[in-house]
Amino acid sequence: MAAYGARSRGGRRPTLEEVAARAGVGRGTVSRVINGSPRVSDATREAVEAAVAELGYVPNTAARALAANRTDAIAMVVPEPETRFFAEPYFSDMLRGVGSQLSETEMQLVLIFAGSDRERRRLAQYLAAHRVDGVLLVSVHADDPLPDLLAQLEIPAVISGRRSAEETLPSVDSDNYSGARSAVEHLLARGRSTIGTITGRLEVYGAQRRVDGYRGSLRDAGHEVDEDLIVAGDFTEEGGRRAMAELLRRRPGLDAVFAGSDVMAAGARQVLREAGRRIPDDVALVGFDDSAIARHMDPPLTSVRQPIEEMGRAMIDLLLAEIADGRPAASRGLDRQQVVLPTRLVERASS
């Protein structure tokens, strides 16, 4: 038997017709075997696979994609500046999950930043040319026009984190509401009574849900919600510093803080230390994400774990299903799929 990768006589690449002749089947049957169709008997599949190995046949994936009007590529679009992407563990964890799931396929991943107007115009042209089979949207704001553009172009898309309760795209999210509740319930159980919170950008639905969870947990425990203990941040370390300074100005006697991200918690910790507040003796601190930042802080940060890598894998599964169906679910009159993954509190020394 010839070694795998051998050429047919004359140095040519063997053709599909030659594989069919060697296996004693039709060209269409060979194509079905190569494309993994289940509508082939085991005996026929074995005969075709033996012919493929003997002739060293390698499928022309480019031609196959062209014939199917496919690019065999998907885009991960991040409508944020590159600096934020590389500074926040959320994005690297998401990319790791996406990459690991996509490695099981023949699809290629294209990473696109769209944080500026110029980048957005370039992205619109790129998508209009249908150079990808589908799009993963990460960190999309409520008023972002990108999802509407994708719908107009009928490009399958999945969004990370819903924009609202009425999200129209298939989405993958973590249970932000329950995660925030678990953080505040933990602080209350530790005897903390004046609990502030540093929110993310409130145009982000996930940040809204974390504030809702904070409020709900306090109310269910019989505490009034003090609006002065709620300060908006922006998911950045500097935003955490500014918000923490404002909380201390408004309520200098607070004894706990729930930050809407580990990055903001890191900024809050710096301000607390500069103000002479010990963690957790004077002020308990809890974050959200359970990123590497949480594990390496001093003291280590109690944080709500959201399964970011798993979210990335789930996004790929949803998107590949959309692509396989040919058109986005919404254009086919089907219900959108909303996947919400559970969160859990990881307790450490900061609380």
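Residues numbered from 1 in each chain as written. Predicted model: local features only at pLDDT ≥ 70, side-chain atom pairs only at ≥ 80, totals over all residues. Heavy atoms only, no water.

Named according to an unreviewed UniProt entry, the protein is LacI family DNA-binding transcriptional regulator originating from Streptomyces himalayensis subsp. aureolus.

1. Looking at the sheet that holds strand β7 (residues 230-232)
The condition that has to hold: When DSSP finds two or more bridges between a pair of strands, those strands are recorded as paired. Only runs of H or I of at least four residues qualify as helices and only runs of E of at least two qualify as strands under DSSP, and these elements are numbered from the N terminus. Whenever a helix is involved, its axis is fitted only over the stretch in contact; in every case the axis is a line through C-alpha atoms, and angles between N-to-C directions fall within 0 to 180 degrees.
Taken together, 6 strands build an open sheet; the order of strands is β7-β6-β8-β9-β10-β12 and the sheet is mixed. Every interior strand has two partners, whereas the edge strands, β7 and β12 (344-346), have only one. Direction aside, the axes of adjacent strands within the sheet are offset by 20 degrees on average. Here 3 bridges tie strand β8 (residues 256-259) to strand β9 (residues 284-289), and the two strands are oriented parallel to one another. Residue pairing across strands places V257 opposite L285, the latter belonging to β9.

2. Structural notes on helix α2 (residues 27-34)
As a reminder of what qualifies: Exposure categories follow from relative accessible area, calculated using a 1.4 Å probe and restricted to protein chains: below 20% of the type maximum is buried, above 50% is exposed, and the middle band is partly exposed. The arc in question is traced by the directions running from the helix axis to the C-beta atoms. Only heavy atoms enter the contact rule, under which two residues are in contact if any of them lie within 4.5 Å.
Residues T29, V30 and V33 constitute the buried set of α2. Viewed end-on, α2 has its buried residues packed into an arc of 100 degrees, placing them on one side of the element. Residues of α2 that are buried in the fold lie against α1 (16-23) and α3 (42-55).

3. Some points on the pattern of salt bridges
Side-chain pairing between opposite charges can occur once the charged atoms of the two side chains come close. Stated precisely, the cut-off is as follows: Any Lys or Arg side-chain nitrogen found within 4 Å of a carboxyl oxygen on Asp or Glu counts as a salt bridge.
Following the criterion strictly, the structure yields 28 salt bridges and no others. The salt bridge partner of R181 is E185, with a shortest N-O separation of 3.3 Å. Of this pair, R181 and E185 are both found in helix α9 (residues 176-189), 4 residues apart, which corresponds to roughly one turn of the helix. With a relative accessible area of 39%, E185 lands in the partly exposed category. Where D234 meets R242, a salt bridge forms, and the shortest distance between an N and an O atom there is 3.4 Å. Three or more residues joined by partner-sharing salt bridges are found here, namely E80, R84, E88, R201 and E203.

4. A look at the environment of V77
On the secondary structure map, V77 appears in strand β1 (residues 73-78). Taking C-alpha positions, V77 is 4.9 Å from I112, a pair spaced 35 residues apart along the chain. Discounting residues that sit within four places of it in the chain, V77 has contacts with I112, A114, L123, V135, L136, L137, V138 and L146.

5. Topic: the environment of F91
Tracing the backbone shows F91 in helix α6 (residues 89-102). For the pair F91 and V138, spaced 47 residues apart in sequence, the C-alpha separation works out to 8.3 Å. If we skip the residues at most four places from it in the chain, F91 touches V78, E80, R84, F85, V138 and S139.

6. Let's talk about the packing of aromatic side chains
How two aromatic rings sit relative to each other is given by the distance of their centres and the angle of their planes. Rules: Two aromatic rings, drawn from Phe, Tyr or Trp (for Trp, its six-membered ring), form a pair once their centres lie within 6.5 Å of each other, and the interplanar angle then sorts them: stacked below 30 degrees, edge-to-face above 60, tilted otherwise. Here, a charge over a ring means that NZ of Lys or CZ of Arg falls within 6 Å of the ring centre while also lying within 35 degrees of the ring normal.
Enumeration over the complete set of coordinates arrives at 6 aromatic pairs. Arranged with centres 5.1 Å apart and planes meeting at 85 degrees, the rings of F85 and F86 form a pair that is edge-to-face. For F86, a relative accessible area of 61% puts it in the exposed group. The ring centre of F288 lies 3.7 Å from the NZ or CZ of R210, which sits over that ring.

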